[in-house]
Amino acid sequence: MSVEQPPILAVPTNIITGFLGVGKTTAIINLMAHKPSHERWAVLVNEFGEIGVDGSLLAGQKTDHVKDSNRPEQQIFIREVPGGCMCCTAGLPMQIALNLLLAEAKPDRLLIEPTGLGHPKEVLQVLSTDHYRQILTLQKNITLVDARKLSDVRYTEHDTFNQQIAIADTVVGNKHDLYQEGDAQKLAEYVAQVGRPQTKVIFSEHGMIDFTEFEGRTMIDANPPHHHHHEHRKPLASELPMPESGVVKAENQGEGFQSIGWRFSSEKIFDRQKILPLLVELDVERMKAVFITDCGIYGYNSTPDGLTEVELDECIESRIEIIAPRVDNRFENQLMNCML
């Protein structure tokens, strides 16, 4: 006899947004490390590129709380929506992924990380529909900003960058340790101009944000969106079966940026002594990767501030995604030469 499952009601939900490379994923990893042990959390991650790397970086972290999805003791459940803004095409990619995640995790808290090039107002609109009104309780929207970027018109004139501030209950000036005199004040003034009157501004280093900043209902009302429909959805590179060659390549572009990424079968092993200097020399807006190497499994995260490397417990295959105004065509051959 089947036992009817209780309905999922009023799950506290936070949107954690911010432009490329500001530290959203790092902030979520920090939160996961301090999750109450008795709670089940769900994380919905959206990526601009089609390959999907964030899920592997999050799930592979060396923590007791993040475990294989097939193990019943898992307390954090992660699902990706790669391939651009997850709210496009009437919000279907996001709703499908979110419904599956909620059904699987039955979480005590939901964290949503839209792509840094997505449309946060429309993400908020989807979460505010009648369908989710009883299922989710929208708590504070957190927007991470690197105040040093306020002198760059590529940011201040970018609609998504300003939308992210407009929907924020709290703006976090991340990477505060790297600011020059006047940067923090400039951020406060910019938020006063672009954000809502009650928007709070705080500062953090390395994505360390006190959990109390995430608690409490959002004060942001979702206005009717301006739907931006894309072409008919094609299968994403992250969903394709691995071909005999053991390599899948994908490209995407929009919002003034290009992404290019690769998936490699688990049989392909990379030389860590070769891959590390190649990634260090990259001059791109954003790079994320997980590699199975001869020395173990490693995750890589690159921004204009530099490259970080972290050892991971597991990953099913090597993946890399690069986002830049333009990607150097020579990189692909250099990457292939790093395989053993």
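Here goes a summary of the coordinates provided. Quick caveat, the model's predicted, so the values are computed rather than measured. (Residues numbered from 1 in each chain as written. Predicted model: local features only at pLDDT ≥ 70, side-chain atom pairs only at ≥ 80, totals over all residues. Heavy atoms only, no water.)

What about helix H9 (residues 272-280)?
Thought 1: Of the positions making up H9, those classed as buried are Arg272, Ile275, Leu278 and Leu279. The arc that holds the buried residues of H9, viewed along the axis, is 135°, so those residues lie on one side. Turned more than 90 degrees away from the buried face of H9 sit Gln273 and Val280, all of them exposed.
Thought 2: Among the structural elements, strand S11 (286-293), strand S12 (296-303), strand S13 (306-311), strand S14 (318-324) and helix H10 (331-336) are those in contact with the buried residues of H9.
Thought 3: Between a side-chain oxygen at the N-terminus of H9 and the backbone nitrogen of Gln273 the separation is 2.9 Å; the capping residue is Asp271. (Buried < 20%, exposed > 50% of the residue type's maximum accessible area, 1.4 Å probe, protein only. Helix = DSSP H or I, 4+ residues; strand = E, 2+ residues; numbered from the N terminus. Arc of directions from axis to C-beta. Contact = heavy atoms within 4.5 Å. Polar contact = N/O pair within 3.5 Å; in protein donor to acceptor, adjacent residues only side chain to side chain.)

Description of unusual backbone geometry
Thought 1: Although it is not a glycine, Lys106 sits at a positive phi angle of roughly 45°.
Thought 2: Looking at the element boundaries, Lys106 is found in the loop between helix H3 (92-105) and strand S4 (109-113).
Thought 3: A relative accessible area of 39% places Lys106 in the partly exposed class.
Thought 4: In this model, His206 sits at a positive phi of 55°, which is unusual for a non-glycine residue.
Thought 5: Position of His206 among the secondary structure elements: in the loop between strand S8 (200-203) and strand S9 (247-254).

Notes on a nonpolar patch on the surface
Thought 1: Side chains of Leu92, Ile96 and Leu100 sit close together on the surface and give an oily, nonpolar patch of about 280 Å² of accessible area.
Thought 2: Within the fold, Leu100 resides in helix H3. (Patch = residues over 30% accessible without salt bridge, like charges linked within 9 Å, V, L, I, M, F, W, Y side chains within 5 Å. Areas by Shrake-Rupley, 256 points an atom, 1.4 Å probe, with all protein chains shown as cover. Salt bridge = Lys/Arg side-chain N within 4 Å of Asp/Glu carboxyl O.)

Here we look at the packing of aromatic side chains
Aromatic rings considered in pairs are described by the distance between their centres and by the relative angle of their planes.
Thought 1: By the definition in use, this model includes twelve aromatic pairs.
Thought 2: Between Phe19 and Phe257, the aromatic rings sit 6.4 Å apart at their centres with planes inclined by 65°, giving edge-to-face as the arrangement. With Phe19 in the loop between strand S1 (11-18) and helix H1 (24-33) and Phe257 in strand S10 (residues 257-264), the pair connects residues that are 238 residues apart, well separated along the chain. Like Phe257, Phe19 is buried.
Thought 3: When the centroid spacing of 6.4 Å and the interplanar angle of 20° are considered together, the rings of Phe211 and Phe214 count as stacked.
Thought 4: For Phe211, a relative accessible area of 28% translates into the label partly exposed.
Thought 5: Taking the relative accessible area as the measure of exposure, Phe214 reaches 1% and is therefore buried.
Thought 6: Members of the aromatic cluster, each reached through a chain of ring pairs, are Phe19, Tyr155, Phe161, Tyr190 and Phe257.
Thought 7: The ring centre of Tyr298 lies 4.2 Å from the NZ or CZ of Arg272, which sits over that ring. (Phe/Tyr/Trp six-rings, centres within 6.5 Å; stacked < 30°, edge-to-face > 60°. Lys NZ or Arg CZ within 6 Å of the ring centre and 35° of its normal.)

In short, geometric facts, not functional conclusions.
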